[in-house]
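Breakdown of the fold
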Amino acid sequence: MGILQGAVNTVKDFVSPKRKAAHEEPQWSDKPWEEKLSALYQEYRVEDRVSRLTLNRLWFMTALYFQGKQGITWNNSTSAFEIYEPLDGQDWYVENQFRKDVWANVKSLNSGELEPVAAPSSEKPSDVAAARVANSALDVIYEDVEYTRLKTSKHLSMCLYGNAFVYNAFNVSKDYGISLIPSYKYEQSQIAGAAICPNCMMTSAEGTQACPECGSPMEAIPPEMIESKVFDSMEERPQGRNVSFVTTPLEMYCRAKVKGGLKYQPYLFWVRRLDRNIVLSMRPDADCGDGDKSSLGDDLSQYYIDVLSTLAGGPYSGTYQLASRYYAEVDYAMCWIRPEMFRGDKELLEKFPKGVKFETCNGKFIPGTEESQSMDECWTHYAYYPNTYSFWADGMVDCLPIQDQINETNSLMIRYLRYCTMSKKIFDTGIIDPETLSNNPEEAWIPANPQLDKKLSDAVYSLDPAQLSPDVSRWKQDQRLAGQDMSGAYAASVGQSTGANASYSKQVFEAERAQGRFAPMYDYNRPAQVAWVRQLLTLFRDNALDERKKQFIDNAGQWSFEKFTGADLGQGSFDVRIPDSETIPKSRVEKAQGLEMLVQLQPVLPMLTHKEKVYVFDFIGLEPEGSPDSLQAQRAFRIIERLIAGEKITPLPFVDDFMIQATVFKEYLAGEDGDKLAQESPEAFTNVYSYLMTMIQMQAQQGMTMGAMGLGPTPPTSQGTPPSQPKQEMAQAPIDQKVPMPPLPAGVRQG
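We now turn to the structure provided with this report. Because the structure is predicted, anything quoted here is derived from the model rather than measured. (Residues numbered from 1 in each chain as written. Predicted model: local features only at pLDDT ≥ 70, side-chain atom pairs only at ≥ 80, totals over all residues. Heavy atoms only, no water.)

1. Topic: the sheet that holds strand β8 (residues 219-221)
Whenever strands of a sheet pair, they do so through backbone hydrogen bonds, lying parallel or antiparallel. With antiparallel pairing, the three strands of this open sheet are ordered in space as β7-β6-β8. Each having just a single partner strand, β7 (203-205) and β8 make up the two edges of the open sheet. Across the sheet, the mean angle from the axis of one strand to that of its neighbour is 35 degrees, orientation sign disregarded. (Pairing = 2+ DSSP bridges. Helix = DSSP H or I, 4+ residues; strand = E, 2+ residues; numbered from the N terminus. Axes fitted to C-alpha atoms, helices over the stretch in contact; angles between N-to-C directions.)

2. A closer look at helix α5 (residues 125-145)
Taking 1.5 Å as the rise per residue, α5 with 21 residues should run 30 Å; its terminal C-alpha atoms sit 30 Å apart, in good agreement. Just past α5, the residue E146 takes up positive phi, approximately 55 degrees. (Expected span 1.5 Å × (residues − 1).)

3. A closer look at the packing of aromatic side chains
Overall, the coordinates contain 27 aromatic pairs when judged by the stated rule. Summarising the aromatic geometry, the rings of W270 and W379 are spaced 5.6 Å apart at their centres and angled 85 degrees between planes, so their arrangement reads as edge-to-face. Linking W270 in strand β12 (residues 267-275) with W379 in strand β17 (residues 379-383), this pair joins segments that are 109 residues apart in sequence. On the basis of relative accessible area, W270 is assigned to the buried category, the value being 5%. In textbook terms, an aromatic cluster arises when at least three aromatic residues are bridged by ring pairs, as seen for W59, F165, Y167, F245, W270, W336, W379, F391 and W392. (Phe/Tyr/Trp six-rings, centres within 6.5 Å; stacked < 30°, edge-to-face > 60°. Buried < 20%, exposed > 50% of the residue type's maximum accessible area, 1.4 Å probe, protein only.)

4. Focus: the environment of V655
Along the chain, V655 falls in the loop between α18 (629-644) and α19 (658-670). Taking the C-alpha atoms as reference points, V655 and Q632, separated by 23 residues in sequence, lie 9.0 Å from one another. Excluding its chain neighbours within four sequence positions, the residues that come into contact with V655 are Q632 and R635. (Contact = heavy atoms within 4.5 Å.)

5. Looking at helix α6 (residues 147-161)
Every α-helix winds through 3.6 residues per turn, so residues three or four apart in the chain are directed the same way. Under the 1.5 Å per step criterion, the end-to-end length of α6 is 21 Å for 15 residues, consistent within 8% with the ideal 21 Å. Taken together, the buried positions of α6 are occupied by Y147, L150, K151, K154, H155, L156, S157, M158, C159, L160 and Y161. Positive backbone phi, approximately 85 degrees, marks G162, located one or two places after α6.

6. Things to note about empty space enclosed by the protein
Per the counting criterion, the structure on display carries four cavities of 30 Å³ or more. In this structure, the largest cavity encloses a volume near 150 Å³. In terms of lining, the largest cavity is formed by 16 residues, of which the most central are R45, D48, R49, R52 and Y253. Contributing elements (two or more residues each) for the lining of the largest cavity: α2 (33-45) and α3 (49-67). (1 Å grid on protein atoms, 1.4 Å probe; cavity = no way out; pocket = protein on both sides within 12 Å on 5 of 7 lines; lining within 4 Å. Points joined across faces, edges and corners; volume = space filled by probe spheres on them.)

7. Looking at the pattern of salt bridges
Counting across every chain of the model gives 24 salt bridges. A salt bridge links K550 to D139; its shortest N-O distance comes to 3.0 Å. One end of the pair, K550, is in strand β20 (residues 548-553); the other, D139, is in helix α5, with 411 residues separating them in the sequence. Taking relative accessible area as the criterion, K550 reaches 18% and is therefore assigned buried. Its relative accessible area of 34% is what places D139 among the partly exposed residues. Residue D656 is joined to R635 by a salt bridge in which the shortest nitrogen-to-oxygen separation is 2.3 Å. Of this pair, D656 sits in the loop between α18 and α19 while R635 sits in helix α18, and the two are 21 residues apart along the sequence. Comparing D656 with R635, the two get one shared label, buried. Taken together, the salt bridges that share partners define one network made up of K36, D345 and E347. (Salt bridge = Lys/Arg side-chain N within 4 Å of Asp/Glu carboxyl O.)

8. Here's the deal with the state of the cysteines
The final tally for this structure, using the stated rule, is zero disulfides. Between C197, a cysteine without a disulfide, and C214, which holds the nearest cysteine sulfur, the sulfur-to-sulfur distance is 3.5 Å. (Disulfide = S-S within 2.5 Å.)

9. Considering the pairing of strand β22 (residues 574-577)
Remember that side chains alternate between the two faces of the sheet whenever the strand is regular. In β22, alternate side chains face the same way, and those of F574 and V576 are buried while those of D575 and R577 on the opposite face are not. For strand β3 (residues 117-120) and β22, the ladder comprises four bridges, and the chain directions are antiparallel. Counterpart to P120 in the pairing with β22 is F574.

Shown next, in the form of structure tokens:
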């Protein structure tokens, strides 16, 4: 034990001072912070270059297979991909089964992905209203970002490369329109003085000496200068829209040896090669030079992106040739670095506490692009087959050898059909001259030169065609099934073959099958999906100044419109969650089943509280807003907030449902919010409690009145005895006889 402890102390003494010196005194501490950011970017960009080259080759080859550019191999001597050129007179019959499997999985992922929704953070009406507006805003945002197209691009990148990065931003441009925002200014104004009587508190005009009421001397109140807010002008501001981009790992640079997803990534670089003129138009301060490639821009991934972006048509044209550049390009990067990677630099830590976001051109910092921003505010990462020991996930790479076998089988089958399934004619050249043979039907005569000991009938011999073995087609079918088993992709007819009786039920079966097959992947990407929606809503809340409009069909079947702005999302707090697929009906059949279950539960609903009713509606797959109690419960919470603010309110018998609202009041006062209110503001607690008592008294009075009029519930009677009729003496009662009413609390009486 002593030897082990001594070894540990030796390691501590040897490592800790070095780490401490490197952390507190970086070598570039005397440089400006702009040069520090450039140095960090240039170092982190190439720190894992060797392993990244291998990943780039894998991703590039997968993309080529998907496009149909197959029959390629990697040459270690030339460090480039080479193509298997077809022989003279030979064709390649490419049956892209790999592409079919990829598209099948993309379709399954699209149909099985659950969309997050906004839910209120509490039962307060402001939170409920904010969540409702957030869900409406999501529909508008999905139109801005072209959600269906974005979803397909994301899942395609996941299948091919195993990874997909999604970037969110809010683009402000005059192309979207102009909003007029009123601006105000503050002006100095004077409040006139007055005179007040200290005895009867009578006020009068300035300069009054004696009180007109009691004759006491008046005290003078001098004039006072105040600042008043007045309208100044209308300011024009360009409108904006949410934008979202899907990027492939060929464009992204980060550390591979990271667990736990994007929130543990120390840095993230989005690198692209853009037209020099475009970069200068966006960033006039960028040092673009003449547009030549920098040392950082020589990465293999950028070369592969250029090739994939300019591939010509056909199976193999231009596969391994360099893409032609018709314009000058520069290496443009958007960078995010966490504060943990600043190496203890106090200037950077103080200037960018959340992390830094900046842009570079050819590895040099672009002035004016720095911002204290974390990558978690705008980036999400999705994985297909998560790797336990790496940040990078795997795609459908295991299907590539199957595709090679299918290509080889197809080539052999076509060659066999050409040479083995056709009848052949063997002729004697001593009798028939090969040059005289022709397929022209007009040449009916063919010259022959038979010898004396040979007959013309012996000059030709026929070979019958051979039949292709059924094992070949069976082998090809086995390869297809093996590819589907490895990729998890199945044909569209799988639903019908397993008992589906219609095309609609077949699609429902496919969606359920996809949800079950990709359930682990959905669970792994669930935090990223929730973070993506939250980023969209946050950007909309903080930047959307113009009024947006959502169209929908109301309960009456008429078109209706809902208008809102980003400020409406800020009126309360809401959470983003992915609901359980079992609680959301996806078809009319499931909705009908929910209604049938509601009819069965109808006898129990009156005995449940509002919270329990909301849970029941959510459980059977119906909207909680469909409950008739929701409107009364929301009004009850609004009344509670008004009572806490000190407002005097009287219950309205023909508007308020005292039975439902009283339950909400009881739950509020008995809960933690009621205890907190009683401790912080006893007066507000008394107001809420008094209003509850008023509702109970008015409910009792209403029941007594209805019973006196004979409109109340009839008491049960024994079998065979007719129900008793209302007494006639009620009509002969004295006019001044009234039903006694319980006294109302102070502060709620009218008149």
